[in-house]
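# Close look at the chain arrangement
Chain by chain, the residues:
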Amino acid sequence: MIRELNDHEVNALHYELLLKDIVATAEKLPPFPDIVWKVMPLIRNMAPIEEIEKVIRFDQVITARVLTLSQSAYYGRRSKISSLQDAILVLGGQRLVQVIMIACAARYFQGSVSGYNLNERELWEHSVATALVSEKLARRLRLKKALTIYTASLLHDIGKTVLDLYAKIYLHSSLSEITNDGIDLIDMERKALGIGHQELGELIARRWQFPPEVVLAIGHHHSPDKSPSDKDIVTAVYISNAIVNGAKRDENGHESVRLDEDPYFIRMGVDRAMVDRFHGELEKDMEEIRLFLRG
Ligand SMILES: [Fe+2]
Ligand SMILES: [Fe+2]
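Note that the coordinates shown come from a computational prediction; the quantities given were computed from them, not determined experimentally.

## Re the nonpolar core
Judged by nonpolar contacts, the single largest core of 73 residues is most densely connected at V99 and I100. Broken down by element, the residue count for this core peaks at eleven residues, all from helix 5 (residues 84–105). When residues no more than four places from it in sequence are discounted, the contact partners of I100 are I35, V36, V39, I56 and V66.

Set out below in structure tokens:
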């Protein structure tokens, strides 16, 4: 005899299938381009520019993005860049790798993220802003593994790009509207969809074969203390994200959270003056880069 499932069992089945579907969608994301990993050893070994150019040119879309981004006021400040060779020469080492990383990441952030109440491009701009702040933070605090911190900062919310599809389907109101009621975003994601954007991001980064520190930092960027290792790297991503989020003020111009009172900020020695300086610089930096991000 076939027994009917009770409500609890139907619910459990629904969540199991939903979670399987979410993970399957994340696994179907196209692989992260391996240009960066090919370019890095060439830079390290001071290979001829033509050799580096050959690797980047292999992908036309990324080549075009690297060129326009290099020509933005933010990156091309020092001299006029009119070709890919100029870009390689002018940007050099770390900055060239950062530009390639942004050019590679851009494709995954196309389209709106309406499940999170974000306008089209808002999540992408937030991600790039977090990466730019992380670069300053790493320099200011003389942190090791600056490129690792930068990469994790750029991709920290990658899980949202996949979860958003489900938030739109399975939730009547957007996740960020729900969190305005005081419920923690991550808890809400877990309750409604069976997985949070941190865990999903971690899964995607692991699948893309990013270094383990990048995977951990993406997976714990809202709760660095829960990371089993590399807490400094994870905390740097947490702080960069919080600074960018903190840049949003209410109608009276007040910050919603006093960042300098946050224990992670105190522990890393990030004070009020530093936060204000990063905020000030970030507005100008984003202005200089925004045209490319929307292009
Ligand atoms: Fe996040
Ligand atoms: Fe974020």
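## Focus on the domain arrangement of the protein
By domain assignment, the protein separates into domain 1 (31–109) and domain 2 (111–294). Here the C-alpha centroids of domain 1 and domain 2 sit 24 Å apart. Contact residues are listed per partner, giving 15 residues for domain 1 and 17 residues for domain 2. At the level of elements, helix 4 (60–71) and helix 5 are the ones that each hand at least two residues to the side of domain 1 that touches domain 2. Per-element accounting of the side of domain 1 that touches domain 2 gives the leading share, six residues, to helix 5. A class-by-class count of the residues in the side of domain 1 that touches domain 2 yields eleven nonpolar, four polar and no charged.

## Examining the confidence of the model for the protein
With 91% of its residues at a pLDDT of 70 or more, the protein has an overall mean of 86. At the level of individual helices and strands, the protein shows its lowest average pLDDT in helix 9 (residues 175–179), which scores 58, and its highest in helix 12 (residues 212–219), which scores 97.

What counts and how
- Residues numbered from 1 in each chain as written.
- Chains lettered and ligands numbered in written order.
- Predicted model: local features only at pLDDT ≥ 70, side-chain atom pairs only at ≥ 80, totals over all residues.
- Core = buried A, V, L, I, M, F, W, Y, C linked by C-beta atoms within 7 Å.
- Buried ≥ 20, exposed ≤ 12 C-beta atoms within 10 Å, placed from the backbone.
- Helix = DSSP H or I, 4+ residues; strand = E, 2+ residues; numbered from the N terminus.
- Contact = placed C-beta atoms within 7 Å.
- Domains from an automatic or database assignment.
- Nonpolar A, V, L, I, M, F, W, Y, C, P; charged D, E, K, R; others polar.
- pLDDT = per-residue confidence, 0-100.

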